[in-house]
Amino acid sequence: MAYRLFEGKQHASSYWRYRISPSGHLFQHVLDFLEKHKGRPFELAVDVGCGSGQGTLLLARHFASVVGTDVSPAQLEVALQHAKEPNITYKQCGAEELPLADSSVDLVTAMSAFHWFDRPRFLEEVHRVLKPRGCLALLNYTIDMELSYADCCSHSLNQVCKEFYAALQPYRSPHLGVSSINLYREALETIPYPHKEWQECLWDRKTMPLSSYMGLVESFSSYQALLRDDPQEASRLSQDICQRLMSVMKVTSAETEVVVAVKYFYLLACKPQEA
């Protein structure tokens, strides 16, 4: 997660403003898995690679205590600004060295973060901190989000989106490979727990202004890499895509609301009682 160490406060603020977390309906799959394999009470959850804390806030509704961890001081500073719940604490640390006691955690989550970790070391650390029958939840979504807008051709709209994603592809981190989903499939095979659940395609739809959709894509590591490499080109690309989307929608304001369909995948696993 070294790439996150040097994130500035501006990017961290954009993370908070634009990054999305799973809907309550989608996250219910995680809670149902935990209740089935471990049962209540839900005492301690740890959100690893928590960023600016959207997922941590989601966990706080269901657990007595929640710890969010991240390597980025800028991200944690923003998270702390929005942490009004008394049951949330934040700690700066790497995903592979969690400041938690052995067998102390009911649920470990990593939401859109696992692909940046030293994955074998992280999974060893998860095994150490989970209680017997405690669970791990790895969630992520793909960049190929789809837009819809009333009285508008979705095909034409999403053709522009696909061009946006294609323009960012050369700036994708080599660390992620062709698709980050393959890193999660690899974990599915290597985690030795007998009880696991894999969901490869679960659509979550969110209504937001077109400007927020643009901000979401601009928060991705590929756009941030382009921004560092060529700020003028990054700005030109973003403005061009936004104008073309508004043209297809026949609107003049980027604050016009659209429905964004986000394709999630997740891996759930339960540590055995006797492990």
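What you see as residue numbers is a count from 1 along each chain, following the sequence as written. Since the coordinates come from a predicted model, pLDDT governs what is reported: local features require at least 70, and pairs of side-chain atoms require 80 or more to be given and counted, while whole-chain, interface and lining totals use all residues. Based on all heavy atoms of the structure, the side-chain values leave hydrogens and waters out of the count.

1. Examining the overall build of the chain
Under the scheme used here, helices are H or I runs from DSSP no shorter than 4 residues and strands are E runs no shorter than 2 residues, and both carry numbers assigned from the N terminus. Helix and strand counts for the chain come out as eleven helices and eight strands. Taking 19 Å as the expected radius of gyration for a compact globule of 275 residues, we find that the chain reaches 19 Å, a close match to that expectation. Dimensions of the chain, computed from the C-alpha atoms along their principal axes, are close to 60 × 35 × 35 Å. Burial here depends on accessible area, computed with a 1.4 Å probe over protein chains only, as a share of the maximum for the residue type. Under 20% is buried, over 50% is exposed, and the range in between is partly exposed. In the chain, buried positions account for 56% of the 275 residues. Pairs at least 24 residues apart make up 76% of the contacts formed inside the chain by residues separated by at least 6 positions. The convention is simple: Lys and Arg are positive, Asp and Glu are negative, and His and the chain ends are not counted. The atom standing in for a charge is NZ when the residue is Lys, CZ when it is Arg, CG when it is Asp and CD when it is Glu. Looking at charge distribution, the chain has the averaged site of its 27 positive side-chain charges lying 2 Å from that of its 32 negative ones. In this setup the radius of gyration rests on C-alpha atoms only. A globule is expected at 2.2 Å times the number of residues raised to 0.38. Any two residues whose heavy atoms approach within 4.5 Å at even a single point are treated as in contact.

2. As for the pattern of salt bridges
When a carboxyl oxygen of Asp or Glu is within 4 Å of a side-chain nitrogen of Lys or Arg, the pair counts as a salt bridge. Tallying each qualifying case throughout the model produces 13 salt bridges. Here Glu-43 makes a salt bridge to Lys-131, at a shortest N to O gap of 2.5 Å. Of this pair, Glu-43 sits in the loop between α3 (24-37) and β1 (44-48) while Lys-131 sits in strand β5 (residues 130-141); the two residues are 88 residues apart in sequence, bridging distant segments of the chain. The class for Glu-43 is partly exposed, based on a relative accessible area of 38%. In this structure, Arg-128 and Asp-102 form a salt bridge, with 2.6 Å as the shortest nitrogen-oxygen distance. Placement of Arg-128 in helix α6 (residues 119-129) and of Asp-102 in the loop between β3 (88-92) and β4 (105-111) is noted, with a sequence separation of 26 residues between them. What makes Arg-128 partly exposed here is its relative accessible area of 26%.

3. Here we look at α3
For α3, built from 14 residues, the straight-helix expectation of 20 Å at 1.5 Å per residue is met to within 8% by its first-to-last C-alpha distance of 20 Å. Residues of α3 that are buried include every one of Leu-26, Phe-27, Val-30, Leu-31, Phe-33, Leu-34 and His-37, and no others. Directly beyond the C-terminal end of α3, a positive phi value near 85 degrees is found at Gly-39. Here a helix's expected span is defined as the number of its residues, less one, multiplied by 1.5 Å.

4. Some remarks on the packing of aromatic side chains
Planes of paired rings set the category: under 30 degrees apart is stacked, over 60 is edge-to-face and the rest tilted, where pairs are Phe, Tyr or Trp rings (Trp by its six-membered ring) whose centres lie within 6.5 Å. Scanning the entire structure with this criterion turns up nine aromatic pairs. For the pair Tyr-141 and Phe-220, a centre-to-centre distance of 6.2 Å together with 45 degrees between the ring planes defines the contact as tilted. Of this pair, Tyr-141 sits in strand β5 while Phe-220 sits in the loop between α9 (210-218) and α10 (221-229), and the two are 79 residues apart along the sequence. Exposure class is identical for Tyr-141 and Phe-220. Each is buried. The structure contains a cluster of three or more aromatic residues connected by ring pairs, namely Phe-114, Phe-117, Phe-122, Tyr-184, Trp-198 and Phe-265. When the NZ atom of lysine or the CZ atom of arginine is within 6 Å of a ring's centre and also within 35 degrees of its normal, the charge is said to sit over that ring. Geometry around Phe-42 places Arg-40 over its ring, the cationic atom sitting 4.2 Å from the centre.

5. Considerations on the side chain of Thr-69
Position of Thr-69 relative to the elements: it lies in strand β2 (residues 65-70). In this view, Thr-69 contacts Val-46, Asp-47, Val-48, Gly-49, Cys-50, Lys-91, Cys-93 and Leu-98; residues no more than four positions away in its chain are not counted.

6. With respect to the UniProt feature "domain: Methyltransferase type" (unreviewed entry) in the chain
UniProt positions are given in the numbering used here, feature names are shortened, and annotations may be inferred rather than shown by experiment. This chain's UniProt record puts "domain: Methyltransferase type" (unreviewed entry) on residues 46-137. The distance separating the terminal C-alpha atoms of residues 46-137 is 10 Å; by composition the span is 29% helix and 32% strand.

7. Focus: unusual backbone geometry
Going from Arg-40 to Pro-41, the amide bond is cis rather than trans, its omega being 5 degrees. Within the secondary structure layout, Pro-41 lies in the loop between α3 and β1. Notably, Asp-151 is not glycine yet its phi reads approximately 60 degrees, a positive angle. Position of Asp-151 among the secondary structure elements: in the loop between β6 (146-148) and α7 (154-168).

8. Comments concerning the environment of Leu-139
Following the sequence through the fold, Leu-139 ends up in strand β5. Through-space distance from the C-alpha of Leu-139 to that of Tyr-18 is 18 Å; in sequence the pair is 121 residues apart. Among all residues touching Leu-139, those that are not within four sequence positions of it are Pro-22, Leu-26, Val-30, Ala-110, Met-111, Ser-112, Tyr-184, Phe-265 and Tyr-266.

9. So, the pairing of β3
Pairing of β2 with β3 involves five bridges; the strand directions are parallel. Note that in β3 the partner of Val-66 across the bridge is Ile-88. A clockwise course of the path from the first strand over the helix to the second, judged with the strands pointing away from the viewer, identifies a crossover as right-handed. Note that the unit made of β2, helix α5 (residues 73-81) and β3 has a crossover that is right-handed. One requirement defines pairing of two strands: DSSP has to find at least two bridges between them.

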